[in-house]
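Letter by letter, the chains look like this.
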Amino acid sequence: MDQVTPAPFSIADFRDRVAAQAAIIPGDDFGDHRFNPGHPRLNHVKPLRDAAVLIPVIARAEGAMVLFTKRAEKLRSHSGQVAFPGGTIDPTDPDPEAAALRETYEEIGLERDFIEIIGRMPDYVSGSGYRIVPVLAIVRPGFSLAINADEVDAAFEVPLSFLMDPANHARDSRFWNDLEWFFYDMPYGGQRIWGVTAGIVRTLYERLYA
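What you are looking at is a predicted structure, and each value in this text was computed from that prediction instead of being measured.

Can you help me understand the overall build of the protein chain in this one?
Helices and strands together make up the secondary structure of the protein chain, namely four helices and 12 strands. For a compact globule of 210 residues, the expected C-alpha radius of gyration is about 17 Å, and the protein chain comes in at 17 Å, within 12% of that figure. Along the first, second and third principal axes, the C-alpha set of the protein chain runs to 60 × 35 × 35 Å. Every one of the 210 residues in the protein chain was classed for burial, and the buried ones make up 47%. Taking all contacts inside the protein chain whose residues are at least 6 apart in sequence as the whole, residues at least 24 apart take part in 66%. Summed over its atoms, the accessible surface of the protein chain is roughly 10700 Å², and 51% of this surface lies on carbon and sulfur atoms. Across the protein chain, 21 positive and 30 negative side-chain charges occur, with their mean positions spaced 4 Å apart.

Given below as structure tokens:
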């Protein structure tokens, strides 16, 4: 029997691409330095802080959707920015996957029973001093969210097909201390996906879809 090719941007296609991605080479980090080679902001004096985020890809009938959060405006750092659910890896977390699942539940109440971890991407080093492990997951529909208003203002979904289209990956920049800093910007539906989050999306594209 001939093997059926999964539809583009379906959950089956996403699962196949994750399974077939190139091996992660230790020390071959992705991150803001790839967009800003040699930038002084990347000369981290302090050790990088370990963090993990969940990239939740939802199996919708109309096609795969990616779940994002909008951080609370009252937070001291990165307030109001679009992000993947996640945060710092605690000493009690056995691995980055556990940290990503814990933070996801704390932020938006997404139950672990709906989440299937299928892999991870190379570490993403941010200009703000974090080493982030992006954990890849498929989410089964039927869940309900409980937004933690102390951390998150909203959660929303974006089609995987939109995110994996390089035509939607705009390059932008801003100045910090008279030095230009480059990043990706992917506005969608009134939300602005940019900075580290857009950088992780771009990495996902380069690893799986380019």
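Please explain the pattern of salt bridges as it appears in this structure.
Oppositely charged side chains may form a pair once their charged atoms are brought near each other. Enumeration over the complete set of coordinates arrives at 12 salt bridges. Among the salt bridges present, the one from R15 reaches E116, with a minimum N-O distance of 2.8 Å. A residue pair is termed long-range when its members are at least 10 positions apart, and R15 in helix 1 (residues 11–20) and E116 in strand 6 (residues 115–120) qualify at 101 residues. Relative accessible area serves as the criterion here: at 33%, R15 is assigned to the partly exposed category. Assessed through its relative accessible area of 35%, E116 is described here as partly exposed. Measuring nitrogen to oxygen at the nearest pair gives 3.3 Å for the salt bridge that ties E103 to R102. R102 carries the same exposure label as E103, and that label is buried. Connected through salt bridges with shared partners, the residues D90, D93, R102, E103 and E106 form a single ionic network.

Can you help me understand helix 2 (residues 96–108) in this one?
For the α-helix, the turn length of 3.6 residues means that residues three or four positions removed from each other point alike. Taking 1.5 Å per residue, 13 residues should reach 18 Å; helix 2 reaches 18 Å between its end C-alpha atoms and fits that length. Among the 13 residues of helix 2, 11 are classified as buried, and the element is accordingly described as predominantly covered. Buried residues of helix 2: P96, E97, A98, A99, A100, L101, R102, E103, T104, E107 and I108, and no others. In this structure, the buried side of helix 2 is in contact with strand 2 (49–60), strand 3 (63–71), strand 5 (86–88), strand 6, strand 8 (130–139) and strand 9 (152–159).

Hey, could you run me through the packing of aromatic side chains in this one?
Each aromatic ring pair is characterised by the separation of its centres together with the angle its planes make. Enumeration according to the criterion identifies six aromatic pairs in this entry. Where F68 meets F156, the ring centres are 5.8 Å apart and the plane angle is 20 degrees; that geometry is what we call stacked. Of this pair, F68 sits in strand 3 while F156 is found in strand 9, placing the two residues 88 residues apart along the sequence. Accessibility assignment for this pair places F68 and F156 in one class, buried. Arranged with centres 6.3 Å apart and planes meeting at 75 degrees, the rings of F114 and F143 form a pair that is edge-to-face. Of the two residues, F114 is situated in the loop between helix 2 and strand 6 and F143 in the loop between strand 8 and strand 9; the sequence distance between them amounts to 29 residues. Both residues of the pair, F114 and F143, belong to the buried class. Through a chain of ring-to-ring contacts, the aromatic side chains of F68, F84 and F156 assemble into a single cluster.

Looking at this model, I keep getting lost on helix 4 (residues 195–208). Mind explaining?
Counted at 1.5 Å a residue, the expected span for helix 4 with its 14 residues is 20 Å, and the 20 Å between its end C-alpha atoms agrees. Of the positions making up helix 4, those classed as buried are G195, T197, A198, G199, I200, V201, R202, T203, L204, Y205, R207 and L208.

Would you mind showing me how to read the nonpolar core here?
A general trend in soluble globular proteins is that nonpolar side chains are found buried together. Counting residues in hydrophobic clusters, the biggest one holds 35 residues, and the most contacted among them are F14, F68 and L163. Among the elements of the structure, helix 1, strand 2, strand 3, strand 8, strand 9, helix 3 (160–163), strand 11 (179–188) and helix 4 are those that each provide at least two residues to this core. Look past the residues within four positions of L163 in its chain and what remains in contact with it is V66, F68, V158, H169, I193 and V201. Listed in part, the 18 residues of the second largest apolar core include F114, I115, A137 and V152.

Conventions adopted
- Residues numbered from 1 in each chain as written.
- Predicted model: local features only at pLDDT ≥ 70, side-chain atom pairs only at ≥ 80, totals over all residues.
- Heavy atoms only, no water.
- Helix = DSSP H or I, 4+ residues; strand = E, 2+ residues; numbered from the N terminus.
- Rg over C-alpha atoms; globule rule 2.2 N^0.38 Å.
- Buried < 20%, exposed > 50% of the residue type's maximum accessible area, 1.4 Å probe, protein only.
- Contact = heavy atoms within 4.5 Å.
- Areas by Shrake-Rupley, 256 points an atom, 1.4 Å probe, with all protein chains shown as cover.
- Lys, Arg positive; Asp, Glu negative; His and termini not counted.
- Charge placed at Lys NZ, Arg CZ, Asp CG, Glu CD.
- Salt bridge = Lys/Arg side-chain N within 4 Å of Asp/Glu carboxyl O.
- Expected span 1.5 Å × (residues − 1).
- Phe/Tyr/Trp six-rings, centres within 6.5 Å; stacked < 30°, edge-to-face > 60°.
- Core = buried A, V, L, I, M, F, W, Y, C linked by side-chain atoms within 4.5 Å.

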